[in-house]
Amino acid sequence: MKVKVSVKKSATPVSIHTEFIKLQDFLKFCDAVPSGGVAKMLVQDGAVLVNGEVCTMRGKKLHVGDTVTFDGNSWVVA
């Protein structure tokens, strides 16, 4: 019998010093992408999750407690 075990990574906290941060800016800020242009394309293509749901709004405002997932990695706005 084969047993599949999945290990859930915890989200890495990323501190911001403003009330909110836009999704594409957050992806650049946490070094998930090399540039804003790449962030724009990935968000519009539906490759980024915000709080577990696909988000295609690159200007989406993220607040403390929001979780962003991309390419198997997760970050939480702190």
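Shown above is the structure to which this text applies.
Residues numbered from 1 in each chain as written. Predicted model: local features only at pLDDT ≥ 70, side-chain atom pairs only at ≥ 80, totals over all residues. Heavy atoms only, no water.

(A) View of the overall build of the chain. Across its full length, the chain holds two helices and seven strands. Taking all 78 residues of the chain together, 24% fall into the buried category. Partitioning the intrachain contacts of the chain with sequence separation of at least 6 by distance along the chain shows that 46% fall at a separation of at least 24. Roughly 5,400 Å² of accessible area belongs to the chain as shown, and the carbon and sulfur atoms make up 53% of that amount. (Helix = DSSP H or I, 4+ residues; strand = E, 2+ residues; numbered from the N terminus. Buried < 20%, exposed > 50% of the residue type's maximum accessible area, 1.4 Å probe, protein only. Contact = heavy atoms within 4.5 Å. Areas by Shrake-Rupley, 256 points an atom, 1.4 Å probe, with all protein chains shown as cover.)

(B) Looking closely at the nonpolar core. The biggest cluster of nonpolar side chains holds 18 residues, and the ones touching the most others in it are Leu23, Phe26, Leu27, Val48, Leu62, Val68 and Trp75. Among the elements of the structure, helix H1 (23–29), helix H2 (36–44), strand E3 (48–50), strand E6 (67–70) and strand E7 (73–77) are those that each provide at least two residues to this core. Considering every element that reaches this core, the biggest residue donor is H1, with three residues. (Core = buried A, V, L, I, M, F, W, Y, C linked by side-chain atoms within 4.5 Å.)

(C) How the structure looks around the environment of Ile16. Here Ile16 shows up in the loop between strand E1 (12–14) and strand E2 (21–22). In this structure, the C-alpha to C-alpha distance between Ile16 and Val77, residues 61 residues apart in sequence, is 6.9 Å. Apart from the residues within four sequence positions on either side, Ile16 is in contact with Ile21, Phe29, Val77 and Ala78.

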